[in-house]
Structure formats: structure tokens, C-alpha cells
Protein chains: 2
Amino acid sequence: MKLSNRILAIDESPIRKLVPIATRAKKNGKKVYHLNIGQPDIKTPKVFMEAINNYDTDVIKYSFSSGEPVLIHAIQDYFKRDEIIFDKKDILITNGGSEAVKFATIAVCDPGDEILIPEPFYSNYNSFTREFNVGIKPITTKAEDGYHLPKKEEIIKLITSKTKAIMFSNPGNPTGTILRLDEMKMMAEIAVEYNLFIISDEVYRGMSFDGLYGISMGTIKGIEEHLIILESVSKRYSACGARIGAICSHNKKLMANVLKLCQARLCVATLEQVGAAALYQLPQTYVDSMKEEYQKRRDIVYNALSNMPGVVCKKPTGAFYSICQLPVENAEEFIIWMLEKFELDGETIMLAPAEGFYITPGLGRNEARIAYVLNEIQMKRAMHILKKGLEAYQQIKK
Amino acid sequence: MKLSNRILAIDESPIRKLVPIATRAKKNGKKVYHLNIGQPDIKTPKVFMEAINNYDTDVIKYSFSSGEPVLIHAIQDYFKRDEIIFDKKDILITNGGSEAVKFATIAVCDPGDEILIPEPFYSNYNSFTREFNVGIKPITTKAEDGYHLPKKEEIIKLITSKTKAIMFSNPGNPTGTILRLDEMKMMAEIAVEYNLFIISDEVYRGMSFDGLYGISMGTIKGIEEHLIILESVSKRYSACGARIGAICSHNKKLMANVLKLCQARLCVATLEQVGAAALYQLPQTYVDSMKEEYQKRRDIVYNALSNMPGVVCKKPTGAFYSICQLPVENAEEFIIWMLEKFELDGETIMLAPAEGFYITPGLGRNEARIAYVLNEIQMKRAMHILKKGLEAYQQIKK
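Conventions we followed
- Residues numbered from 1 in each chain as written.
- Chains lettered and ligands numbered in written order.
- Predicted model: local features only at pLDDT ≥ 70, side-chain atom pairs only at ≥ 80, totals over all residues.
- Contact = placed C-beta atoms within 7 Å.
- Helix = DSSP H or I, 4+ residues; strand = E, 2+ residues; numbered from the N terminus.
- Nonpolar A, V, L, I, M, F, W, Y, C, P; charged D, E, K, R; others polar.
- Domains from an automatic or database assignment.
- pLDDT = per-residue confidence, 0-100.
- Least-squares fit on C-alpha atoms with pLDDT ≥ 70 in both.
- Pairing = 2+ DSSP bridges.
- Axes fitted to C-alpha atoms, helices over the stretch in contact; angles between N-to-C directions.
- Core = buried A, V, L, I, M, F, W, Y, C linked by C-beta atoms within 7 Å.
- Buried ≥ 20, exposed ≤ 12 C-beta atoms within 10 Å, placed from the backbone.
- Parallel < 35°, antiparallel > 145°, perpendicular 65-115°, else oblique.
- Left-handed = near helix turned anticlockwise from the far one by under 90°.

### Quick notes on the interface of chain A and chain B
Accessible area lost when the parts come together is the quantity often used to give the size of an interface. Contact with chain A, which involves 65 residues of that partner, is made by 65 residues of chain B. Mapped by element, the contributors of at least two residues to the side of chain A that touches chain B are α1 (5-9), α3 (47-53), α5 (96-108), α6 (124-131), α9 (252-264) and α10 (270-280) of chain A. With seven residues, the top contributor of residues to the side of chain A that touches chain B is α9(A). Here the side of chain A that touches chain B is composed, by residue class, of 30 nonpolar, 21 polar and 14 charged.

### Some thoughts on the domain arrangement of chain A
Residues and elements named next belong to chain A. Parsing chain A into structural domains produces domain 1 (5-43 + 285-397) and domain 2 (47-282). The C-alpha-based centres of domain 1 and domain 2 are spaced at 26 Å. If you list the elements that add at least two residues to the side of domain 1 that touches domain 2, you get α1, α11 (284-306) and β9 (321-325). The leading source of residues in the side of domain 1 that touches domain 2 is α11, at six residues. Taken together, the residues that form the side of domain 1 that touches domain 2 break down as 19 nonpolar, 11 polar and seven charged.

### Notes on the confidence of the model for chain A
On average, chain A scores 95 in pLDDT, and the residues at 70 or more come to 100%. Complex prediction metrics read pTM 0.96 and ipTM 0.95.

### With respect to the relation of the copies chain A and chain B
Superposing chain A onto chain B takes a rotation of 180° plus a shift of 0.0 Å along the axis, which leaves an RMSD of 0.0 Å. Taken together, the turn and the small shift mark the pair as related by a two-fold rotation axis. With an isologous cut-off of 70% or more, the 100% of interface residues of chain A that recur at the interface of chain B puts this contact in the isologous class.

### A look at the sheet that holds strand β8 (residues 244-248) of chain B
Residues and elements named next belong to chain B. Pairing is mixed in the open sheet, where seven strands are placed in the order β2-β8-β7-β6-β5-β3-β4. Looking at the sheet topology across the chains shown, the edges are occupied by β2 (91-95) and β4 (135-140). Taken pair by pair, the neighbouring strands of this sheet meet at an average axis angle of 25°, ignoring direction. Across three bridges, strand β3 (residues 114-119) lies against strand β5 (residues 163-169) in parallel orientation. Bridge pairing in β5 links Leu 116 to Ile 166. Contacting β3, β4 and β5, helix α6 (residues 124-131) runs over the sheet at an angle of about 150° to β4.

### Side note on the nonpolar core
One finds A:Ala104, A:Ile198, A:Ile247, B:Ala104, B:Ile198 and B:Ile247 to be the most contacted residues of the largest nonpolar core, which totals 256 residues. For B:Ile247, the contacting residues outside a window of four places in its chain are B:Leu92, B:Thr94, B:Ala100, B:Phe103, B:Ala104, B:Ile228, B:Leu230 and B:Val258.

### Re the sheet that holds strand β3 (residues 114-119) of chain A
Residue and element names in this part refer to chain A. Read across the sheet, seven strands follow the order β2-β8-β7-β6-β5-β3-β4 without closing on themselves; strand pairing throughout is mixed. What marks the edges here is a single partner per strand, and that holds for β2 (91-95) and β4 (135-140). Between one strand axis and the next, the sheet turns through 25° on average, direction left out of account. Summarising the sheet, β2 and strand β8 (residues 244-248) pair through five bridges and their orientation is antiparallel. Bridge pairing in β8 places Leu 92 opposite Ile 247.

### Some details on unusual backbone geometry
A negative phi holds for most residues other than glycine; trans holds for most peptide bonds. For the peptide bond that leads from A:Asn173 to A:Pro174, omega is 15°, which places it in the cis range. The phi dihedral of A:Tyr147 is positive, around 60°, even though this residue is not glycine. Inspection of the secondary structure assignment puts A:Tyr147 in the loop between β4 and α7 (152-156). Located in the positive-phi region is B:Asn133, a residue other than glycine, with phi close to 55°. In this structure B:Asn133 comes out as partly exposed when scored by C-beta crowding, with 19 C-beta atoms within 10 Å.

### Thoughts on the packing of α5(A) against α6(A)
Residue and element names in this part refer to chain A. For the pair α5 and α6, the least separation of the axes is 9 Å and the interaxial angle reads 45°. As far as their axial angle goes, α6 and α5 are oblique. Read as a crossing pair, α5 and α6 show a hand that is right-handed. Only Asn 124, Tyr 125, Phe 128 and Thr 129 of α6 make contact with α5, whose side of the interface consists of Ser 98, Val 101, Lys 102 and Thr 105.

### So, the pairing of strand β7 (residues 227-232) of chain A
Residue and element names in this part refer to chain A. Of all the six residues making up β7, six are buried; the element is thus mostly covered by neighbouring parts of the structure. Here β7 shows a buried face lined by Leu 227, Ile 229 and Glu 231 and a second buried face lined by Ile 228, Leu 230 and Ser 232. Relative to β7, strand β6 (residues 197-201) runs parallel, the two sharing four bridges. Within β7, the position partnered with Ile 198 by the bridge is Leu 227.

Next comes the structure, spelled out in C-alpha cells:
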């Protein structure tokens with residue numbers, strides 16, 4: 001039997017496909033510093049497990065399709081901190097940010113339709129849209145511009161009758177870039193003028209450095225009917241394995257229709273919702289302290305990269321990623337080489353090749369994404385190994 | 001902005017759409033016996049919460065995309081009880097049986113393709129396939145045949161170049177029918193002769209009465225490359241809110257491709273997988289005792305329905321559903337009337353209108369599904385209320 005064309009067209013995760021190579025390296029006794037995946041080392045706040053351990057029920061019943069009221073309420077309060085007022089029906093709980101992306105895609109696109117996305121972008125957007133036969137049209141951004149958006153006229157050129165939405169993550173994965181207010185207002189203008197939805201992936205919100213705040217698109221007035229915000233506990237609360245996210249919008253018709261998708265898959269895991277509610281109830285000081293920790297790491301990574309000959313990297317301002325050009329022809333080859341052939345006192349590092357974050361062929365071949373998800377001492381060591389690895393690689397490539 | 005045609009085409013859940021009416025009835029002080037949804041009252045085995053409470057981790061990390069090894073191993077052992085041998089790569093953990101249905105649909109169908117499904121069928125199959133622009137062609141089965149399959153030539157007539165798979169739940173939701181071995185072999189023959197996938201939804205397996213066993217399609221030889229089995233802890237272990245399911249197949253190419261879908265959405269909730277592993281490790285005696293409990297309830301429902309004038313119902317042999325023809329023109333109207341207008345000493349019942357389980361227009365209008373998910377005393381009372389309700393309704397309809 002033939003499999004579907006759509007599943008065959010989905011690429012393997014560029015982040016996960018090198019995992020078997022890393023596993024072999026570790027089996028051979030090498031220590032691998034994993035900077036390839038956005039899995040923070042930071043402890044999940046204890047309130048998460050406490051809430052679950054205290055949850056008293058004889059039957060693990062279906063939760064509400066829309067989500068546990070306690071969690072929806074906690075997310076309402078989280079948005080209220082920025083004077084973004086969501087009604088409880090404006091928020092639907094999803095299986096992580098992933099399901100929120102899928103639901104937004106189904107809701108606004110039929111097969112053959114397109115979504116504009118600034119590239120480089122979170123590579124799983126590719127898989128999610130392909131599952132639904134939706135196309136991505138890239139808005140290419142460049143390392144030398146710090147991955148900020150091009151001018152309005154450049155973006156407008158890309159819009160066709162098939163374009164239904166603009167989607168972006170802010171703070172950006174894999175770029176670590178935070179959009180400026182003028183960029184956000186430009187996106188809002190385009191959405192209104194061309195009647196598009198804005199799908200704003202804000203799962204890294206709150207993780208912003210150098211005094212930047214990381215404003216939500218929800219604070220921009222006049223786009224209430226256009227805006228869909230995607231949320232998650234994964235990164236901000238270091239609870240990736242909880243798989244709790246949300247899709248949020250003031251567009252009542254949209255949300256009534258997304259509710260049908262929620263009802264069809266019945267509900268999101270009950271216990272994890274109870275735990276997630278406790279996370280959202282943590283005070284802003286929790287988010288602030290985590291932000292400080294990531295800023296220290298960002299500084300280590302950025303300072304180290306700035307001192308490596310041939311490496312091009314702008315200072316990231318948010319999330320916990322840095323994407324940089326390496327002085328190599330093919331970053332994936334270099335990353336594999338680091339795992340298979342290189343070691344410094346029995347240790348090596350693993351990065352994510354950045355080509356998979358681009359959809360335009362050829363772009364990103366010499367770029368890699370670094371997730372600063374290890375503590376300061378480990379990050380320093382990992383950067384030292386990268387430097388030595390690059391030197392050795394350039395020797396053998398001469 | 002326009003929403004997508006595909007989301008607009010999805011119907012509201014026929015099971016859940018009457019919930020607001022029930023909520024109003026309860027607010028007005030009526031007690032409602034819920035026979036409308038497959039949410040059992042049976043206690044989730046304590047091992048589930050124990051395993052979660054004992055899970056010791058500082059960081060709730062991403063689980064493996066394919067699933068927690070301990071859970072995959074437990075599911076392998078569950079299948080081994082019936083001499084069905086799955087390699088660990090033949091099993092991928094999903095967000096409930098729901099995600100397993102979606103992944104199977106994506107893997108075998110492109111937009112415009114079709115799946116053959118015996119009707120009446122689990123109504124969410126409708127929503128899941130519509131999300132992916134896949135059509136359902138019904139194999140109509142009838143109350144008077146106990147919802148068993150028609151002859152092979154009737155089924156073959158429905159196959160076109162667009163047909164990619166046959167999907168069915170066995171034991172059946174909403175029918176409570178268990179397929180006979182000769183029916184299963186016929187399905188296998190058709191799949192081999194017409195090069196189709198078989199998607200066998202076995203989430204109710206083990207829940208079979210009158211000495212019937214409820215054989216897995218996995219025991220039929222010669223269809224290894226064709227067969228996709230869908231699993232779930234929801235019903236068999238009364239853990240609907242855990243949202244743990246699995247997609248299982250010996251077809252290596254299929255599973256390698258489904259793994260890409262798993263990787264894109266990263267993983268299933270870690271804690272719930274740990275709990276689910278403990279459920280699958282329960283001895284067969286647990287499943288047997290639960291089966292006995294449901295058989296007692298089945299007997300109460302069947303005996304009561306058999307004694308209601310004008311009600312047509314074959315004895316269900318599995319799952320925990322009974323679907324029956326009521327002596328009314330429109331079952332949904334009757335169900336709403338029971339909630340809004342009827343009461344017996346302050347109590348009423350809620351059934352699921354069966355029309356939503358059919359795709360052929362007009363079928364099932366006078367049928368309802370009864371989920372026997374309450375204890376014996378409550379089921380007896382609920383059946384008494386149904387009898388009195390039907391009598392009263394027929395009086396006013398005269």
C-alpha cells in the first residue's frame with residue numbers, strides 16, 4: 001500500500017534526526033553537551049507536582065473539552081498582568097503549543113492555502129502545515145539585520161489570494177529576536193489591510209533581556225478579530241513534558257469553531273492541567289528570576305561567539321536561542337563531525353543545524369542554533385569546546 | 001476574515017451539543033442520569049496515581065517522541081497475552097486514541113481520499129477525517145442484523161480508486177457489537193485483495209460478554225503490512241482523562257513516517273505515560289472483573305429495553321453501549337424533551353441521539369445510544385425513568 005503524499009513530504013525533525021548519532025557518541029563514552037534542543041535544565045517549580053499530588057479523585061475523568069476552569073482562569077489572570085482581557089470563552093486549552101498551532105492552521109486554511117512566516121522559523125511549523133496541506137511562504141530575514149523584519153512593501157509583495165494568515169514566534173525561535181513595537185504595528189496594519197489572521201506564537205514571552213519587555217500582540221489595539229495568540233507552559237515554566245498550551249482569541253466565531261476541534265479530541269490530560277494552573281499562578285517574580293538566569297547564559301554564549309574567528313552572530317534579546325553563521329560550508333556536516341570525530345578531554349557538544357529552520361532552498365546551510373539550556377559553568381565549557389572544535393575542523397578542511 | 005471551509009463543515013459533537021440543556025436542567029434542581037457519554041463511573045486503579053506520585057524528577061522534561069519506554073514495553077506485554085508480537089518500534093504513544101485516529105488518517109490519506117467505515121460509527125471519526133479533508137464512505141449496518149457487516153460483495157461495491165482504508169471499532173462504539181471471526185477474516189481478505197489499510201480501533205477490547213473474547217485483528221495472519229491497531233487506556237482502565245493511546249503496526253515504513261508526526265508534536269505528557277504503564281501492567285484478572293461488572297449492567301439495560309413497547313434492540317455483546325430504536329419520530333427531540341419537560345420525582349436521564357453516528361442522511365433519527373456507565377442500582381432507576389418518559393411522551397404526541 002502506498003502511504004499518503006502528505007506524510008511522505010514531511011521532513012524528519014532537523015533537531016531530532018541527529019539524535020541517534022549523539023546516542024552512539026555517548027555509548028562510546030563521550031560526554032555530549034546538548035545545545036540542540038529547547039529542553040531547559042531549570043527545575044520545574046514544585047507547585048506543579050504538589051498540585052497533582054494533592055488532586056483528589058477516584059476516577060480520572062474526561063476534563064472539559066475547552067479545558068479545566070482553574071487553568072483557564074489562571075491564564076486569564078496571566079494576560080491581565082498586561083491589561084489583555086480575555087473572556088473565559090476566549091481561551092481553549094491544547095496539547096502543548098503544538099496542538100494550538102495545528103488548530104489555528106485548520107481554522108484559517110483550506111488545502112492549498114498559505115501562511116506567511118518570517119524565516120528562519122520553528123521547524124515544526126513545516127510539519128504541522130503539511131499535515132493539513134497548507135503552504136508556507138517565507139518572509140526571509142537575515143543574520144546581519146538581527147533577523148528583524150523587512151520593510152512593509154517587501155512583505156506585501158508576498159501576499160496572494162491564497163494567503164490567509166501571518167504566523168511568527170515572538171520572542172523568536174530559533175532567532176532569539178524580539179520584535180520591536182514598530183514591527184508589531186506593521187504586522188497589525190498588514191493584517192487589517194489585507195484581511196489576514198495573525199497567529200502570534202508567544203510561548204517564549206517573558207524571556208526577554210536587556211530591559212526589553214517582550215510585548216504581546218494582544219496589547220495592539222484594533223486587531224482583536226484578526227489575532228490568535230498561542231501559549232504554552234513548556235519554556236516559561238520549564239515544563240516541556242506537561243504538554244499544556246492554549247489558543248486564545250477575541251474572535252468569537254473562530255473560537256466557537258475551534259471548540260469543535262477540542263470536542264472531537266475530547267480533552268487535554270486532566271492532571272497536567274491542574275499542575276499547569278499552579279504554574280500560571282506563580283508571581284511575576286518567578287518569571288523575572290528565570291529571565292535573569294537566561295540573560296547570564298546569553299551573555300556567556302554571545303561573548304564566546306563574538307570571540308570566535310569567522311562566527312557571525314547578533315546579540316539575541318529573547319527566548320533562549322542564538323543562531324549564528326559558522327566558518328564552515330555545511331553546518332550539519334560540522335555538527336556530525338563534532339559528535340563522531342571530535343572530543344576535548346572526552347567531551348563534545350551538539351548543536352542544531354539551522355538549514356531546517358529555512359524553507360528557501362540553500363539558506364542557513366552554514367548556520368547553527370544554540371539553545372542555552374545548561375547552567376553557566378556548562379555553557380562556558382560548551383563554548384570552549386565549540387571554539388576548539390571549529391579550530392580543529394578548519395585545520396582538516398584546509 | 002473567512003474561516004476555512006473545512007472547519008465550518010465539522011459538525012458539533014452530537015454527544016456534547018446537548019450538554020448545555022442538561023446543565024440548565026440540573027441548575028433547575030433536576031437530577032440527570034448521564035447515559036449520553038462514555039465516561040465510566042468505575043474507579044481508576046490506584047496504581048495510576050501511585051506511579052505518578054512516586055515519579056521522581058526535578059524537571060518535567062520532554063518525553064521521547066515515540067513514547068516512554070516503560071509504557072511501550074507494557075503495551076508490548078499486553079498484546080503478548082494474545083500472542084501478538086510487536087517490536088518496540090511498532091508502537092508509538094499518542095494523545096489518547098483520538099490522536100491515533102488522526103495519525104492513521106494523515107498517514108494513509110491525501111485530501112479527497114476516502115475511508116470505508118461501517119455505520120453507525122463513533123461520531124468523532126467524522127471530525128477527525130474532515131480536519132484532513134478525507135471522506136468517509138459508510139458501510140451501512142442495521143439494528144435488525146445486530147449491526148453486523150453486510151456480505152463481502154456489498155462492501156466491495158463501495159471501493160473506488162479513492163479508497164485507502166477500512167476503519168472500524170471492535171467492540172463497536174456505538175453499537176456494542178463484537179465482530180465474528182468470519183467478519184474479521186472477510187475484512188482481511190478485502191484489504192489484501194484491494195490493497196487497503198485496515199484501521200482497527202480496539203480501545204474497547206477486553207470488554208466482551210457472554211463468553212465472547214473480543215479478538216484483536218492482530219491475531220489474523222497475512223495482513224501485517226495492512227493493519228494499524230489503535231489502542232487507549234481510557235475505557236478498559238477507566239482513565240479517560242489520562243489521554244493515553246497508541247498506534248501500533250508491523251508496517252515499518254508506515255511507522256517510520258508516523259514517527260515524524262510524533263516528533264513534530266514533540267511528545268505525549270510524561271506523567272500520564274508513567275501512570276498508564278502501571279495500568280497496562282495490571283493482571284488480566286482486573287480486565288475480567290471489569291467485564292463482569294459491565295455484563296451485569298448490560299443485562300439490566302437489555303432486559304429493561306426488551307420490555308418497553310416499541311423499542312427495538314439487539315443484545316449488545318461488547319463495549320458498554322447499546323443502541324436502540326425508540327418508538328418516537330425524532331430521538332433528539334425526545335432526549336431534549338426528557339431534559340426540559342420530564343421528571344420522575346425530580347429525576348431524568350440523558351441519552352445520546354444516534355443520528356450523529358450515521359453519515360447517510362436520515363438514518364438513525366429514531367435511535368439513541370445508551371452508555372451503561374453507572375452502577376446497577378442507578379442503571380435500573382435510569383431505565384425505569386426511560387420507560388415512564390417514553391409512555392408520557394407518546395401520550396402527548398398522540
